[in-house]
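# Structure at a glance
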Amino acid sequence: MTSTVNTGALAGIRVLDISRILGGPYCGQILGDHGADVLKVEPPQGDDTRTWGPPFKDGVASYYHGLNRNKRTMALDLGRADGREALLALVAEADVLIENFKTGTMERWGIGYDELSKRFPRLVWCRVSGFGADGPLGALPGYDAAVQAMTGIMSINGESDGGPLRVGLPVVDMVTGLNAVIGVLLALQERNRSGRGQFVEAALYDSGLSLLHPHAANWFLDGRAPRRTGNAHPNIYPYDALKTGTDPIFLAVGNDRQFASFCRTIGLPELSDDPLYRDAGSRSVNRDGLKQRLEAQLAAFDGRKLVDQLMAAGVPAAPVLEVDAALEHPHTRHREMVVEMEGGYRGIGSPVKLSRTPASYRHAPLSPGDKFE
C-alpha cells in the first residue's frame, strides 16, 4: 500500500525532529504518517541506529528504516555555531520540535527551551528523556531494557519458575514515543485556544511505570508483590497459552458466558457448573488444576481448527504465530498494516484509521530535504 497524497489530519503542521534512536524518531514518524511535514536533522555521522544491524540496505540498518518514514533528512553539526544558526532558521518555521538530547546539552549551546520559547512562543517543544531533568535519577540517560528492569516490568515477565525477563521488544521506548505523540497533540490543541506553545516531556521511567496495569492496581489494593505467571493473566483464567494435540493456542476467556461456551465446544459442558470453576474468581484461584484438565481434553484437538471453532462460538482464541506468519496473514493485508513504497521499502502501517483524513506514506526513509515544504 502506498499513498503519496497528503490526506492527513496534521497537514500543515511542521515538525523539526532532531531526536535519535527510538522514542523521538517513532514520535516523528507517527506525526508524519498523519500528515505533518517532518524534517529530521541528524549529526553529520547520522543517527546511531543507522548502524544497528544486520540486516542493512545500502549500509543503513533496518532498525533505522523502521522509524524514519515520512521524513526528509538533512545533516547539521549542532556543536558548531553555523549549525546552530541553521537550526534556528528552521525552528522559526516549525510548530513542533522533538529532541532527546541529554539534559543540559542544548542549554549549553544556548538553544534550550527557556531561550527559544521566548523567541518562538508558539513552539511546542517535545523532549523524550530517560528520567526527566531532576529528582533522584534526574538527567541520567535511559535505555529501554534498563528501564524495564527498574520499573518492575522484568519482574512480572517470564515463566513462574524462571527469572525476570526482558519483554522481547522495546516496549518502553515505543510507549514513550506514543506518549510523546499524545503530548504534542494535546499541546497543539491547547495552542488553538491560547496561541502559545509549551514544553512537553515524555520520560521512559514514567512510561515504564504506566505499563504496570493490572499489577500496580493489584498491589495498591492488597499489598502483595506481583509474581510472574508466564503466559497466564494474573487476574483471570483461562487466559493463557494451552497445549493441544498440534499447535498451542492462546485462550482469552474474560467472563462466565465465554467459559461455558468454551467448555461446550471442547466437550466438557459440566466443567462450567463445577463449583471450582463456575465463576471468574474461582477459576483464577484454582487455575493450576483447571489448566491440567483443559490440556488433557485439548490433546485430542487440532489447534488451528479449534481456534476457528472457538471464535465461531464467541470464545476469544488465537493461534500462536511467528512474526513472519503474522505479517503475511490475510487480515494484516486487509487492514493495510504493511506499507510498500518505491525503492523496495516495506514497513508497518499506521494502526490509527481515520475515515476522512487517513494516514499517507509520502517519503521513504532517507529522503533528502533541507527546508520545510
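Above this note sits the structure.
Quick summary incoming for the structure in this document.

Per the stated rule, a full pass over the model turns up 16 salt bridges. When the shortest N-O distance is used, the salt bridge between E373 and R72 registers 3.5 Å. You can see E373 sitting in the segment after β14 (367–368) and its partner R72 sitting in strand β5 (residues 72–75), a full 301 residues away along the chain. Look at E373 and you get exposed, because its relative accessible area is 56%. The class of R72 is buried, set by a relative accessible area of 9%. When the shortest N-O distance is used, the salt bridge between D240 and K291 registers 3.4 Å. Highlighted residues: D240 in strand β9 (residues 239–242) and K291 in helix α12 (residues 287–298), separated in sequence by 51 residues.

Strand order in the open sheet formed by seven strands is β8-β7-β6-β1-β2-β5-β14, and the pairing between neighbours is parallel. The open sheet has two edge strands with one neighbour each: β8 (199–203) and β14. With three bridges joining them, strand β1 (residues 14–17) and strand β6 (residues 96–99) adopt parallel strand pairing. Each bridged residue has a counterpart across the sheet, and for L16 the counterpart in β6 is L97. Seen against the sheet, helix α3 (residues 81–91) touches β1, β2 (37–42), β5 and β6 and runs at an angle of roughly 155° to β1.

Before going further, it helps to spend a moment on the pairing of strand β13 (residues 345–348). When strand β12 (residues 338–341) meets β13, the two strands line up antiparallel, connected through four bridges. Within β13, the position partnered with M341 by the bridge is Y345.

Here we come to the nonpolar core. As a rule of thumb, nonpolar side chains are buried together in soluble globular proteins. The biggest cluster of nonpolar side chains holds 31 residues, and the ones touching the most others in it are I13, V15, L31, A36, V96 and I98. For this core, the secondary structure elements donating two or more residues are α1 (23–33), β6, β7 (124–129), α7 (171–194) and β8. When residues in this core are grouped by element, the largest group, eight residues, is from α7. The contact partners of I98, leaving out residues within four places of it in the chain, are V15, L16, D17, I18, S19, G24, C27, G28, L31 and C126.

The volume enclosed by the second largest pocket comes to roughly 770 Å³. Taken together, 39 residues line the second largest pocket, and the ones lying closest to its centre are R20, I21, N100, F101 and K102. Elements represented by at least two residues in the lining of the second largest pocket include exactly α1, β2 and β7. In the lining of the second largest pocket, the residues fall into 20 nonpolar, eleven polar and eight charged.

With antiparallel pairing, three strands are arranged side by side in an open sheet as β9-β10-β11. Only two strands of the sheet have a single neighbouring strand rather than two, namely β9 and β11 (317–319). Looking at each pair of strands side by side, their axes are set apart by 20° on average, direction ignored.

Moving on, we get to the packing of aromatic side chains. Two aromatic rings, taken as a pair, are described by how far apart their centres are and by the angle between their planes. Applying the stated criterion across every chain yields a total of seven aromatic pairs. Aromatic side chains Y113 and F199 sit 5.2 Å apart centroid to centroid with 55° between the ring planes, which places their arrangement in the tilted category. With Y113 in helix α5 (residues 113–119) and F199 in strand β8, this pair connects stretches of sequence that are 86 residues apart. Centre to centre, the rings of Y239 and F250 are 5.8 Å apart; their planes meet at 80°, and the pair counts as edge-to-face. With a gap of eleven residues between them, Y239 in strand β9 and F250 in strand β10 (residues 249–252) connect regions that are remote in the sequence.

Further remarks concern the packing of α1 against α7. One can describe the packing of α1 onto α7 by two numbers: an axis separation of 8 Å at closest approach and a directional angle of 50°. Considering their axes alone, α1 and α7 lie oblique with respect to each other. Between α1 and α7 the crossing geometry is right-handed. Taking contact as the criterion, the partners of G23, Y26, C27, I30 and L31 in α1 are, on α7, D173, M174, G177, L178, A180, V181, V184 and L185. A class-by-class count of the residues in the contact of α1 with α7 yields ten nonpolar, two polar and one charged.

Reading guide: rules and limits
- Residues numbered from 1 in each chain as written.
- Predicted model: local features only at pLDDT ≥ 70, side-chain atom pairs only at ≥ 80, totals over all residues.
- Heavy atoms only, no water.
- Salt bridge = Lys/Arg side-chain N within 4 Å of Asp/Glu carboxyl O.
- Helix = DSSP H or I, 4+ residues; strand = E, 2+ residues; numbered from the N terminus.
- Buried < 20%, exposed > 50% of the residue type's maximum accessible area, 1.4 Å probe, protein only.
- Pairing = 2+ DSSP bridges.
- Contact = heavy atoms within 4.5 Å.
- Axes fitted to C-alpha atoms, helices over the stretch in contact; angles between N-to-C directions.
- Core = buried A, V, L, I, M, F, W, Y, C linked by side-chain atoms within 4.5 Å.
- 1 Å grid on protein atoms, 1.4 Å probe; cavity = no way out; pocket = protein on both sides within 12 Å on 5 of 7 lines; lining within 4 Å.
- Points joined across faces, edges and corners; volume = space filled by probe spheres on them.
- Nonpolar A, V, L, I, M, F, W, Y, C, P; charged D, E, K, R; others polar.
- Phe/Tyr/Trp six-rings, centres within 6.5 Å; stacked < 30°, edge-to-face > 60°.
- Parallel < 35°, antiparallel > 145°, perpendicular 65-115°, else oblique.
- Left-handed = near helix turned anticlockwise from the far one by under 90°.

By themselves these figures say nothing about function.
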